[in-house]
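Summary of the model geometry
In case you want the letters, here they are:
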Amino acid sequence: MTLVDPRKTFGATVSDCALERPEIVVLSTDSGKSSGFGAFAEEAPDRYIEVGIAEQAATAIAAGLATTGAIPVLCSIAPFVTSRNFEFFRNDIGYMKQNVKIVGRNGGFTYSELGSTHHSLEDYALAGSIPNVVVLAPGDAGELRAACRAMLDYEGPVYMRIGSGPIPDFRDNREFVIGRGYYVTRGADLTVVTTGYTSILVREAVAAARAGGLDVELVCVPTVVPIDAGIILESANRTGLVLTVEEHYEFGGLGSRVADVLSASGGARLSKVAVPQRNQPSSTYDDLLRRNGLDVPGIARAMMNVVQSR
Amino acid sequence: MSPISCDSSRDLALRARRNVLRMLEATPAGHVGGAMSCIDALAVLYASVLTIDPSRPGDPRRDRFLLSAGHKAMAQYAILAECGFFDKSLLDTYGKEDTALGGHPDMYKLPGIEGNTGALGHGLALGVGMGMGLRQQNCDARVFVILGDGELAEGSNWEAAAIAAHYRLGSLTALVDVNGMQISGPTAAVMSMESIPEKFAAFGWRVVEVDGHDHEALHDVLTLPSSEPRPTAIIMRTVKGAGIPTIASRVESHYWKPTPEELDDAIRSLGLDDRTAHDSR
């Protein structure tokens, strides 16, 4: 299985789209090359706007550009385009309903050793709290490429989180419909719902659990907002047990969205694997996942615990 | 498109000031002080500078105007109504239930509003984006942004100022309404931003200082040849509450809640001596 860099995959996909569609404009806050736009900056310098380390202004500038018909893509380190610029995101893009794509890269723990200032564990909550904003979290490379195209085709504000560590490229042409989840495996014992990079780890944990006789149903929801309530309820009503897994604080992310869906239906019991609401140490990426139960053995343990507590 | 056919800008400003009082009759209070300090500049812009057509408010070639200090929305509503962007009777809904004329402008509720401003420190960067977008389309439309002097304490303005100068955005004009007062008191006491002209000049802007109530001077600086490859900052020295003697130059005018007597005085001071004249204006 090929592994690829999600940032390069993202940059290359958006650049390809931009070469076909002249309304796409890329904004950089001293970070365009790291977002995979090095080649695009050379090929289309008039549509590659470097504004320096100024994420607040960059966000409003993106909105201003969008009012003239452009489709601006602003990609930088996740906290700086979600929390640093939050009011600009909220007012100029959300409230003003502008066709801007904000992309937080190195999301979750992937800037692991750089510490809490660079971890992004609240971006689903922040972006998802803004009316009119769609929140995407693709996992593998095929999903990422499809998500980029869906994001650019969608008319309206979108936030997308991507990571930085290598992701598998299954070389499939995945369909990506904003707002829709899909089944990876079907089963009767337990529903596992996941999103983003974590879905790759969850697939592995689920495969192991199934090999061990646990009939797990795995649902991937690469759109966190709006969440696919239909598929979650359909599965939860069948299994009666739901476990969400995400690389995000336990508050305000996928687990909270699924809880909202389930509480409205009076349905299944919910457990979450997520990051506790406290600052996390500087460490390696794998260590931070492990400490928070987000590695493959941790996810497998969580599944067993949920089923045994039935 | 051609500039809006209005009466002289002075007449437009007077009628707009009366419209502000009309809104104050609909609701008991408003951000009158700042509205009155920038209303002359708005009148000059709409009467003789902006290329804009009220019957085609979405024309892609139009000049753009943003009221970054969005709490001064009464001034913008008053001018837009007078220029025919919407029916003047809407002014009577100001501050009322489900109004299109909220305390801050909303582009989806009224024609002629280019951005949902009001949170301070957003309008200049929005204007930079608009200017960049228009330039990419080879459209020579201009972008004008009114900022408050107190608003300049928001650091995002200076991000935008640096970027506009770096990109030599000559189509962008910022008008800074320097009335010298903000909610808590004189701007010099709350957070001094002087020297404002030197700050913009240091950021690489062309800077012009002008009396913000002198229509001829405003017209001259707003129609300076625009081949200049730098953005322009027009530093307007103004009087908070200008045109209403009871509140002029008073910090209390920022959010004015007039007594009935004060409102009557203001109406008289704008030449509206009786209700008949007031209703028929």
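Residues numbered from 1 in each chain as written. Chains lettered and ligands numbered in written order. Predicted model: local features only at pLDDT ≥ 70, side-chain atom pairs only at ≥ 80, totals over all residues. Heavy atoms only, no water.

**Concerning the interface of chain A and chain B**
Note: interface size is frequently given as the accessible area lost on complex formation between the parts. Each partner contributes to the interface: chain A provides 25 residues, whereas chain B provides 25 residues. Taking both partners together, chain A and chain B bury about 2000 Å²; carbon and sulfur atoms supply 59% of that area. Considering only the side of chain A, the residues that lose the most area to chain B are Thr68, Tyr95 and Met96 of chain A, jointly responsible for 27% of the buried surface there. Viewed at the interface, chain B and chain A are joined by zero salt bridges. Our count for the contact surface shared by chain A and chain B stands at eleven residue pairs in polar contact (both at pLDDT 80 or more). Breaking the side of chain A that touches chain B down by element, the ones donating at least two residues are strand 3 (48-50), helix 3 (55-67) and helix 4 (86-95) of chain A. Per element, the largest residue contribution to the side of chain A that touches chain B is nine residues, and it comes from helix 3 of chain A. (Contact = heavy atoms within 4.5 Å. Buried area = accessible area lost by both parts, 1.4 Å probe. Salt bridge = Lys/Arg side-chain N within 4 Å of Asp/Glu carboxyl O. Polar contact = N/O pair within 3.5 Å; in protein donor to acceptor, adjacent residues only side chain to side chain. Helix = DSSP H or I, 4+ residues; strand = E, 2+ residues; numbered from the N terminus.)

**Considerations on the sheet that holds strand 13 (residues 241-249) of chain A**
Residue and element names in this part refer to chain A. With mixed pairing, five strands are arranged side by side in an open sheet as 9-11-10-13-14. Where the open sheet ends on each side, the last strands, each with one partner, are strand 9 (182-185) and strand 14 (269-275). The sheet shows a mean angle of 25° between the axes of neighbouring strands, taken without regard to direction. Sheet analysis places strand 10 (residues 190-194) next to strand 13, joined by four bridges and oriented parallel. Paired with Thr191 across the two strands is Val242, which belongs to strand 13. Along the sheet, helix 7 (residues 198-211) makes contact with strand 9, strand 10, strand 11 (216-220) and strand 13, crossing strand 11 at roughly 170°. (Pairing = 2+ DSSP bridges. Axes fitted to C-alpha atoms, helices over the stretch in contact; angles between N-to-C directions.)

**Examining a negative patch on the surface**
A grouping of Asp16, Glu20, Glu42 and Glu43 of chain A is seen on the molecular surface, where their side chains present a negatively charged patch. For the negative patch, the secondary-structure elements that each account for two or more residues are helix 1 (6-20) and helix 2 (38-43) of chain A. (Patch = residues over 30% accessible without salt bridge, like charges linked within 9 Å, V, L, I, M, F, W, Y side chains within 5 Å. Areas by Shrake-Rupley, 256 points an atom, 1.4 Å probe, with all protein chains shown as cover. Lys, Arg positive; Asp, Glu negative; His and termini not counted. Charge placed at Lys NZ, Arg CZ, Asp CG, Glu CD.)

**Quick notes on the pattern of salt bridges**
The tally for this structure, following the rule as stated, stands at 25 salt bridges over all chains. The residue Asp287 of chain A makes a salt bridge to Arg291 of chain A at a minimum N-O spacing of 2.7 Å. Taken together, the residues Asp287 of chain A and Arg291 of chain A, both in helix 10 (residues 285-291) and four residues apart, mark about one turn of the helix. Look at Arg291 of chain A and you get exposed, because its relative accessible area is 52%. We note a salt bridge from Asp265 of chain B to Arg268 of chain B, for which the minimum N-O separation is 2.6 Å. One end of the pair is Asp265 of chain B and the other is Arg268 of chain B, both in helix 9 (residues 260-269) and three residues apart, which spans about a single turn. The class of Asp265 of chain B is partly exposed, set by a relative accessible area of 36%. Because the salt bridges share partners, they merge into one network encompassing Asp11, Arg15, Glu82 and Lys88 of chain B. (Buried < 20%, exposed > 50% of the residue type's maximum accessible area, 1.4 Å probe, protein only.)

**Some words on empty space enclosed by the protein**
Over the atoms a probe the size of a water molecule is rolled, and this reveals where empty space is left. Residue and element names in this part refer to chain A. The final tally for this structure, using the stated rule, is one cavity of 30 Å³ or more. By volume, the largest cavity amounts to about 160 Å³. In terms of lining residues, the largest cavity is bounded by 21 residues, among which Pro138, Ile162, Gly163, Gly196 and Tyr197 are the most central. For the lining of the largest cavity, the per-class residue count stands at nine nonpolar, ten polar and two charged. (1 Å grid on protein atoms, 1.4 Å probe; cavity = no way out; pocket = protein on both sides within 12 Å on 5 of 7 lines; lining within 4 Å. Points joined across faces, edges and corners; volume = space filled by probe spheres on them. Nonpolar A, V, L, I, M, F, W, Y, C, P; charged D, E, K, R; others polar.)

**Regarding the sheet that holds strand 1 (residues 64-67) of chain B**
All names here are of chain B. Strand order in the open sheet formed by five strands is 1-2-3-7-6, and the pairing between neighbours is parallel. Single-partner strands in this sheet number two, and they are strand 1 and strand 6 (206-211). Neighbour-to-neighbour, the strand axes of this sheet turn through a mean angle of 20°, independent of strand direction. In this sheet, strand 7 (residues 232-237) lies alongside strand 6 in parallel orientation, the contact comprising six bridges. The residue of strand 7 that forms the bridge with Arg206 is Thr232. Lying over the sheet, helix 4 (residues 123-136) contacts strand 1, strand 2 (143-148) and strand 3 (172-178), oriented at roughly 170° with respect to strand 2. Sheet strands touched by helix 8 (residues 215-222): strand 2, strand 3, strand 6 and strand 7. Its angle to strand 6, the strand with the most contacts, is close to 165°.

**Regarding the nonpolar core**
Buried together is how nonpolar side chains tend to be arranged in soluble globular proteins. Ile61 of chain A together with Tyr46, Tyr77, Phe200 and Trp205 of chain B are the most contacted members of the largest nonpolar core, which totals 122 residues. With 13 residues, the single largest contributor to this core is helix 2 (residues 32-49) of chain B. Judged by nonpolar contacts, the second largest core, of 32 residues, contains Val26, Ala147, Leu152 and Ile167 of chain A. (Core = buried A, V, L, I, M, F, W, Y, C linked by side-chain atoms within 4.5 Å.)

**Focus: the packing of aromatic side chains**
Inspection of every chain in the model, using the stated rule, returns ten aromatic pairs over all chains. Arranged with centres 6.4 Å apart and planes meeting at 65°, the rings of Phe37 of chain A and Phe40 of chain A form a pair that is edge-to-face. The pair Phe37 of chain A / Phe40 of chain A is uniform in exposure class, with both members buried. One aromatic cluster is present, formed by Trp158, Phe200, Phe203 and Trp205 of chain B through successive ring pairs. Taking the ring centre of Tyr108 of chain B as reference, the NZ or CZ of Lys97 of chain A above it sits at 4.3 Å. For the cation-ring pair, Arg186 of chain A lies above Tyr183 of chain A, with the distance from its terminal atom to the ring centre recorded as 3.7 Å. (Phe/Tyr/Trp six-rings, centres within 6.5 Å; stacked < 30°, edge-to-face > 60°. Lys NZ or Arg CZ within 6 Å of the ring centre and 35° of its normal.)

**Structural notes on the environment of Gly241 of chain B**
Residues and elements named next belong to chain B. Inspection of the secondary structure puts Gly241 in the loop between strand 7 and helix 9. Given a relative accessible area of 0%, Gly241 falls into the buried group. Contact partners of Gly241, with chain neighbours within four places excluded, come to Gly33, Met36, Ser37, Ile247, Ala248 and Ser253.

**A short note on the packing of helix 1 (residues 9-26) of chain B against helix 2 of chain B**
Residues and elements named next belong to chain B. The contact between helix 1 and helix 2 brings their axes to 8 Å, and the two run at 145°. Two packed elements cross with a definite hand, and for helix 1 against helix 2 that hand is right-handed. Contacts between helix 1 and helix 2 involve Ser9, Leu12, Ala13, Ala16, Arg17, Val20 and Leu24 on the former and, on the latter, Val32, Met36, Ile39, Asp40, Ala43, Val44, Tyr46 and Ala47. Tallied by class, residues from the contact of helix 1 with helix 2 come to twelve nonpolar, one polar and two charged. (Left-handed = near helix turned anticlockwise from the far one by under 90°.)

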